[in-house]
Amino acid sequence: MAEVKDQLEIKFRLNDGSDIGPKSFPDATTVATLKETVVAQWPRDKENGPKTVKDVKLISAGRILENNKTVGDCRSPVGNFSGAVTTMHVIIHHQVIEKEKKKKKPKGDLKQNKCVCLCFGARC
C-alpha cells in the first residue's frame, strides 16, 4: 500500500489536446526527469516538438514547475485520490539561438520603442 502512496499517476496534456501517458512516477522523481520523459515520448508525427528539456515547460495546478522540484513537491493537497491521474500541461517554448538574438536586436538603436502618455484634466 505504501508503494501506491509514494507514486503519482501523471499524464501530459499537449497543446492539441492529445496526451502522453498516463504513467506512474515515484515521488522522488524531479521535474527535469518528467521533462526528459516528454521529450523522449513526444509523438513523432507532431510538428514543432521539443528538441531539449529546455524547450519544455510543465504546468500543474496553475503553476509552472521548476526543474529542481520533485513530483512529491508538486502534489496538490486537494484531489490526490487513490487511482486519480494528475494532468500536467506541456508548453513548448523553443530556445532562440544566439545568432538569431543578435540579428533581431539592432545595434546602436536603443530607443527603438517609444511610448508617450499624456493626461489632460481640469481640476477645480
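Residues numbered from 1 in each chain as written. Predicted model: local features only at pLDDT ≥ 70, side-chain atom pairs only at ≥ 80, totals over all residues. Heavy atoms only, no water.

### Observations concerning the overall build of the protein
Moving on, step 1. Scanning the protein for helices and strands turns up four helices and five strands.
Moving on, step 2. Here the protein holds 124 residues, and 22% of them are scored as buried.
Moving on, step 3. Pairs at least 24 apart in sequence give 60% of the contacts found in the protein among residues at least 6 apart.
Moving on, step 4. Put simply, the protein shows about 9,800 Å² of open surface, and 54% of that area lies on carbon and sulfur atoms. (Helix = DSSP H or I, 4+ residues; strand = E, 2+ residues; numbered from the N terminus. Buried < 20%, exposed > 50% of the residue type's maximum accessible area, 1.4 Å probe, protein only. Contact = heavy atoms within 4.5 Å. Areas by Shrake-Rupley, 256 points an atom, 1.4 Å probe, with all protein chains shown as cover.)

### Focus on the pairing of strand 1 (residues 7-13)
Successive residues of a regular strand alternate their side chains across the two faces of the sheet.
Moving on, step 1. A one-sided burial pattern is seen for strand 1, the buried positions being Leu8, Ile10 and Phe12 and the unburied ones Gln7, Glu9, Lys11 and Arg13.
Moving on, step 2. Inspection of the sheet shows strand 1 paired to strand 2 (residues 19-26) by six bridges, in the antiparallel sense. Residue pairing in the sheet places Arg13 in a bridge with Asp19 of strand 2.
Moving on, step 3. If you look at the hairpin formed by strand 1 and strand 2, you'll find five residues sitting between the two strands, and Gly17 has a positive phi there, around 95°.
Moving on, step 4. Summarising the sheet, strand 1 and strand 5 (residues 85-92) pair through five bridges and their orientation is parallel. The residue of strand 5 that forms the bridge with Ile10 is Thr86. (Pairing = 2+ DSSP bridges.)

### Notes on the packing of aromatic side chains
Moving on, step 1. Considering all chains together, one arrives at one aromatic pair under this definition.
Moving on, step 2. The interplanar angle of 70° and the centroid separation of 6.1 Å between the aromatic rings of Phe12 and Phe25 together place this pair among those described as edge-to-face. With Phe12 in strand 1 and Phe25 in strand 2, this residue pair connects regions lying 13 residues apart in the sequence.
Moving on, step 3. Residue Phe25 is classed as buried on the basis of its relative accessible area of 5%. (Phe/Tyr/Trp six-rings, centres within 6.5 Å; stacked < 30°, edge-to-face > 60°.)

### Some details on the nonpolar core
Moving on, step 1. Counting 18 residues, the largest nonpolar core has Ile10, Phe12, Leu34, Val38, Leu58, Met88 and Val90 as its most contacted members.
Moving on, step 2. Listing elements by their share of this core, those giving two or more residues are strand 1, strand 2, helix 2 (31-41), strand 3 (56-60), helix 3 (71-74) and strand 5.
Moving on, step 3. Ranked by the residues each element gives to this core, the list is headed by helix 2, at four residues.
Moving on, step 4. Setting aside its immediate chain neighbours within four residues, Ile10 contacts Gly21, Pro22, Lys23, Phe25, Leu34, Val71, Val85, Thr86 and Met88. (Core = buried A, V, L, I, M, F, W, Y, C linked by side-chain atoms within 4.5 Å.)

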